[in-house]
Amino acid sequence: MIAIIDYNMGNIRSLGNALSRLGAEWELTSNLEKIMKASHVILPGVGNASEAMDNLRRLHLPEVIWKLRHPVLGICVGMQVMCRTSEEGNAECMGIFDAHVKRFKEQPGIKVPHMGWSRISNLESKLFKGIDKGAYVYFVHSYYAPLCPDTIATARHPEMFSAALKYENFYGSQFHPEKSGPVGEQILRNFLSL
(Lines give C-alpha, C1' and ligand atoms only; values in the text may rest on other atoms or scores of the structure.)
Protein backbone atom coordinates (compact mmCIF):
# COMPACT_ATOMS: atom_id res chain seq x y z
CA MET A 1 0.00 0.00 0.00
CA ILE A 2 1.20 3.51 -0.86
CA ALA A 3 0.69 6.18 1.79
CA ILE A 4 -0.02 9.68 0.49
CA ILE A 5 0.68 11.93 3.45
CA ASP A 6 -2.35 14.05 4.37
CA TYR A 7 -1.19 17.41 5.73
CA ASN A 8 -3.65 19.72 3.96
CA MET A 9 -1.15 20.77 1.27
CA GLY A 10 -1.64 18.46 -1.67
CA ASN A 11 -3.40 18.17 -4.98
CA ILE A 12 -4.60 14.72 -4.02
CA ARG A 13 -7.18 14.06 -6.73
CA SER A 14 -4.71 14.23 -9.64
CA LEU A 15 -2.11 12.17 -7.79
CA GLY A 16 -4.64 9.56 -6.67
CA ASN A 17 -6.02 9.26 -10.21
CA ALA A 18 -2.50 8.83 -11.62
CA LEU A 19 -1.71 6.06 -9.10
CA SER A 20 -5.04 4.35 -9.72
CA ARG A 21 -4.36 4.33 -13.48
CA LEU A 22 -1.16 2.41 -12.66
CA GLY A 23 -3.18 -0.13 -10.65
CA ALA A 24 -1.61 0.97 -7.37
CA GLU A 25 -3.40 0.75 -4.03
CA TRP A 26 -3.05 3.98 -2.07
CA GLU A 27 -4.44 5.70 0.98
CA LEU A 28 -4.49 9.34 2.04
CA THR A 29 -3.37 9.33 5.67
CA SER A 30 -1.60 11.19 8.45
CA ASN A 31 -1.59 8.07 10.65
CA LEU A 32 2.01 7.54 11.75
CA GLU A 33 1.73 3.75 11.96
CA LYS A 34 0.24 3.45 8.45
CA ILE A 35 2.97 5.69 7.04
CA MET A 36 5.66 3.57 8.72
CA LYS A 37 4.15 0.33 7.33
CA ALA A 38 3.51 1.55 3.77
CA SER A 39 5.58 0.13 0.91
CA HIS A 40 6.07 3.65 -0.55
CA VAL A 41 5.30 7.13 0.77
CA ILE A 42 4.44 10.24 -1.23
CA LEU A 43 4.55 13.75 0.23
CA PRO A 44 2.54 15.89 -2.20
CA GLY A 45 2.52 19.63 -1.99
CA VAL A 46 0.73 22.66 -3.33
CA GLY A 47 1.06 25.89 -1.39
CA ASN A 48 3.40 27.59 1.04
CA ALA A 49 6.52 25.88 2.47
CA SER A 50 6.26 27.60 5.87
CA GLU A 51 2.62 26.56 6.27
CA ALA A 52 3.50 23.05 5.06
CA MET A 53 6.19 22.70 7.75
CA ASP A 54 3.79 24.00 10.42
CA ASN A 55 1.22 21.37 9.38
CA LEU A 56 3.83 18.58 9.32
CA ARG A 57 5.15 19.53 12.77
CA ARG A 58 1.65 19.71 14.23
CA LEU A 59 1.14 16.10 13.07
CA HIS A 60 4.60 15.02 14.37
CA LEU A 61 5.54 13.91 10.85
CA PRO A 62 9.09 15.26 10.24
CA GLU A 63 10.69 12.84 12.71
CA VAL A 64 8.64 9.93 11.26
CA ILE A 65 9.58 10.82 7.67
CA TRP A 66 13.28 10.94 8.62
CA LYS A 67 13.05 7.37 9.98
CA LEU A 68 11.50 5.87 6.84
CA ARG A 69 13.66 3.33 5.01
CA HIS A 70 11.30 2.56 2.13
CA PRO A 71 11.02 4.84 -0.95
CA VAL A 72 9.70 8.35 -0.27
CA LEU A 73 8.79 10.87 -2.99
CA GLY A 74 8.23 14.56 -2.30
CA ILE A 75 6.40 16.46 -5.06
CA CYS A 76 6.73 20.25 -5.56
CA VAL A 77 6.37 21.81 -2.07
CA GLY A 78 6.67 18.25 -0.76
CA MET A 79 10.19 18.19 -2.18
CA GLN A 80 10.99 21.72 -0.98
CA VAL A 81 10.14 20.94 2.65
CA MET A 82 12.56 18.00 2.46
CA CYS A 83 15.37 20.52 1.84
CA ARG A 84 17.24 22.39 4.60
CA THR A 85 15.45 25.75 4.42
CA SER A 86 13.10 27.74 2.18
CA GLU A 87 12.99 31.47 1.55
CA GLU A 88 9.20 31.07 1.44
CA GLY A 89 8.26 32.26 4.92
CA ASN A 90 11.88 31.72 6.07
CA ALA A 91 10.96 28.10 6.74
CA GLU A 92 13.27 25.73 8.59
CA CYS A 93 12.61 22.49 6.74
CA MET A 94 13.42 18.81 7.30
CA GLY A 95 17.01 18.88 6.04
CA ILE A 96 16.92 15.61 4.12
CA PHE A 97 18.25 17.17 0.90
CA ASP A 98 21.32 19.40 1.05
CA ALA A 99 19.67 22.42 -0.56
CA HIS A 100 18.35 25.83 0.47
CA VAL A 101 15.21 26.69 -1.52
CA LYS A 102 15.21 30.15 -3.13
CA ARG A 103 12.67 32.34 -4.93
CA PHE A 104 13.07 32.96 -8.65
CA LYS A 105 14.27 36.51 -9.28
CA GLU A 106 11.94 38.84 -11.13
CA GLN A 107 13.54 39.53 -14.51
CA PRO A 108 12.28 41.12 -17.73
CA GLY A 109 10.66 38.44 -19.89
CA ILE A 110 10.79 35.78 -17.15
CA LYS A 111 7.47 34.89 -15.55
CA VAL A 112 7.21 33.99 -11.88
CA PRO A 113 5.74 31.55 -11.09
CA HIS A 114 7.41 29.19 -13.53
CA MET A 115 4.30 27.52 -14.92
CA GLY A 116 3.95 25.05 -17.76
CA TRP A 117 5.94 22.44 -19.66
CA SER A 118 9.74 22.49 -19.45
CA ARG A 119 12.48 20.06 -20.44
CA ILE A 120 14.40 18.01 -17.90
CA SER A 121 18.02 16.97 -18.44
CA ASN A 122 21.00 15.37 -16.67
CA LEU A 123 18.84 12.43 -15.57
CA GLU A 124 20.85 10.42 -13.02
CA SER A 125 18.59 7.95 -11.26
CA LYS A 126 16.47 4.82 -11.66
CA LEU A 127 13.56 7.23 -11.21
CA PHE A 128 14.14 8.25 -14.85
CA LYS A 129 14.50 4.78 -16.39
CA GLY A 130 13.05 4.91 -19.91
CA ILE A 131 12.82 8.73 -19.91
CA ASP A 132 14.61 10.58 -22.70
CA LYS A 133 16.91 13.49 -21.93
CA GLY A 134 14.97 16.62 -22.80
CA ALA A 135 11.56 15.11 -22.01
CA TYR A 136 8.89 17.63 -21.03
CA VAL A 137 7.28 17.68 -17.58
CA TYR A 138 4.83 20.09 -15.94
CA PHE A 139 5.98 22.71 -13.40
CA VAL A 140 4.09 25.22 -11.24
CA HIS A 141 6.39 26.96 -8.73
CA SER A 142 7.91 30.27 -7.65
CA TYR A 143 10.63 28.70 -5.50
CA TYR A 144 13.34 26.24 -6.49
CA ALA A 145 16.23 24.16 -5.16
CA PRO A 146 19.56 25.24 -6.68
CA LEU A 147 21.94 22.64 -8.05
CA CYS A 148 23.46 20.64 -5.18
CA PRO A 149 25.09 17.25 -4.48
CA ASP A 150 21.62 15.64 -4.34
CA THR A 151 20.52 16.85 -7.82
CA ILE A 152 19.44 14.01 -10.13
CA ALA A 153 17.71 16.07 -12.86
CA THR A 154 17.86 19.68 -13.99
CA ALA A 155 15.66 22.23 -15.74
CA ARG A 156 16.01 25.93 -16.65
CA HIS A 157 14.04 29.10 -15.79
CA PRO A 158 16.17 30.86 -17.05
CA GLU A 159 19.09 29.54 -14.93
CA MET A 160 19.54 25.84 -14.26
CA PHE A 161 17.91 24.46 -11.10
CA SER A 162 17.20 21.07 -9.52
CA ALA A 163 14.20 19.46 -11.19
CA ALA A 164 14.66 16.38 -8.98
CA LEU A 165 16.68 15.38 -5.92
CA LYS A 166 17.72 12.12 -4.26
CA TYR A 167 19.31 11.20 -0.94
CA GLU A 168 19.38 7.51 0.03
CA ASN A 169 15.72 6.33 -0.19
CA PHE A 170 14.34 9.88 -0.47
CA TYR A 171 13.39 11.36 -3.85
CA GLY A 172 11.97 14.74 -4.79
CA SER A 173 10.49 16.17 -7.98
CA GLN A 174 9.92 19.89 -8.36
CA PHE A 175 7.63 19.11 -11.30
CA HIS A 176 4.29 17.33 -10.98
CA PRO A 177 4.62 13.79 -12.40
CA GLU A 178 0.86 13.29 -11.92
CA LYS A 179 0.25 16.14 -14.41
CA SER A 180 3.07 15.29 -16.83
CA GLY A 181 1.31 12.85 -19.16
CA PRO A 182 3.05 9.62 -20.25
CA VAL A 183 6.46 10.86 -19.04
CA GLY A 184 5.12 11.52 -15.54
CA GLU A 185 3.30 8.21 -15.55
CA GLN A 186 6.57 6.41 -16.32
CA ILE A 187 8.34 8.31 -13.52
CA LEU A 188 5.62 7.26 -11.05
CA ARG A 189 5.84 3.67 -12.33
CA ASN A 190 9.60 3.77 -11.80
CA PHE A 191 9.12 5.09 -8.26
CA LEU A 192 6.68 2.29 -7.45
CA SER A 193 9.22 -0.27 -8.70
CA LEU A 194 11.98 0.99 -6.34
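Conventions we followed
Residues numbered from 1 in each chain as written. Predicted model: local features only at pLDDT ≥ 70, side-chain atom pairs only at ≥ 80, totals over all residues. Heavy atoms only, no water. Buried < 20%, exposed > 50% of the residue type's maximum accessible area, 1.4 Å probe, protein only. Helix = DSSP H or I, 4+ residues; strand = E, 2+ residues; numbered from the N terminus. Pairing = 2+ DSSP bridges. Contact = heavy atoms within 4.5 Å. Core = buried A, V, L, I, M, F, W, Y, C linked by side-chain atoms within 4.5 Å. Polar contact = N/O pair within 3.5 Å; in protein donor to acceptor, adjacent residues only side chain to side chain. Phe/Tyr/Trp six-rings, centres within 6.5 Å; stacked < 30°, edge-to-face > 60°. Axes fitted to C-alpha atoms, helices over the stretch in contact; angles between N-to-C directions.

Quick rundown of the pairing of strand β4 (residues 72-75)? Include the residues and the values.
Alternating positions in β4 separate into two faces, V72 and G74 on one and L73 and I75 on the other, with burial throughout. Of the pairings in the sheet, the one linking strand β3 (residues 40-43) to β4 comprises three bridges and is parallel in character. When the bridges of β4 are listed, L43 appears paired with G74.

Explain the side chain of H114 residue by residue, including any values.
Topologically, H114 is positioned in strand β8 (residues 114-119). H114 gets classed as buried once you look at its relative accessible area, which sits at 4%. Excluding residues that lie within four positions of it along the chain, H114 makes contacts with F104, F139, V140, H141, R156, H157 and F161.

Outline the nonpolar core, supporting the account with residue identities and numerical values.
By size, the foremost hydrophobic cluster in this structure holds 34 residues, and its most contacted members are L43, L56, I65, V81 and M94. For this core, the secondary structure elements donating two or more residues are β1 (2-5), β3, α3 (49-58), α4 (61-67) and α5 (77-80). Broken down by element, the residue count for this core peaks at four residues, all from α3. What V81 contacts, discounting residues up to four positions off in sequence, is L43, A49, A52, M53, L56, C93 and M94.

How would you sum up the environment of S142? Please name residues and give values.
Inspection of the secondary structure puts S142 in the loop between β9 (136-141) and β10 (143-144). With relative accessibility at 17%, the residue S142 sits in the buried group. As for S142 and F104, which are separated by 38 residues in sequence, their C-alpha atoms are 5.9 Å apart. With near-sequence residues (within four places) excluded, S142 lies in contact with K102, R103, F104, V112 and P113.

So, the side chain of S86: which residues are in play, and what are the values?
Summarising the element assignment, S86 is placed in strand β5 (residues 85-86). S86 gets classed as buried once you look at its relative accessible area, which sits at 3%. At a separation of 3.0 Å, a polar atom in the side chain of S86 contacts the main-chain amide nitrogen of E88. Residues within four places of S86 in sequence aside, it is in contact with A49, A91, C93, V101 and Y143.

Please give an account of the packing of aromatic side chains that cites residues and values.
Evaluated as defined, the whole model comprises eight aromatic pairs. Both rings, one in F139 and one in F161, keep their centres 5.7 Å apart while their planes meet at 80°; by these two values the pair is edge-to-face. Of the two residues, F139 is situated in strand β9 and F161 in strand β12 (residues 160-167); the sequence distance between them amounts to 22 residues. You'll find F139 and F161 in the same group, each marked buried.

Explain the sheet that holds β12 to me, using residue names and the numbers behind them.
The strand order across the open sheet formed by seven strands is β2-β1-β3-β4-β13-β12-β11, and the pairing between neighbours is mixed. Lying at the two open borders of the sheet, with one neighbouring strand each, are β2 (26-29) and β11 (151-156). With strand direction ignored, the average angle separating the axes of adjacent strands in the sheet is 20°. Here β11 pairs with β12 via five bridges, running antiparallel. Following the sheet pairing, T154 is matched in β12 by S162. Where helix α1 (residues 12-21) meets the sheet, it contacts β1, β2, β3 and β4, and its direction lies at approximately 160° from that of β2.

Keep in mind these numbers describe shape, not what the thing actually does.
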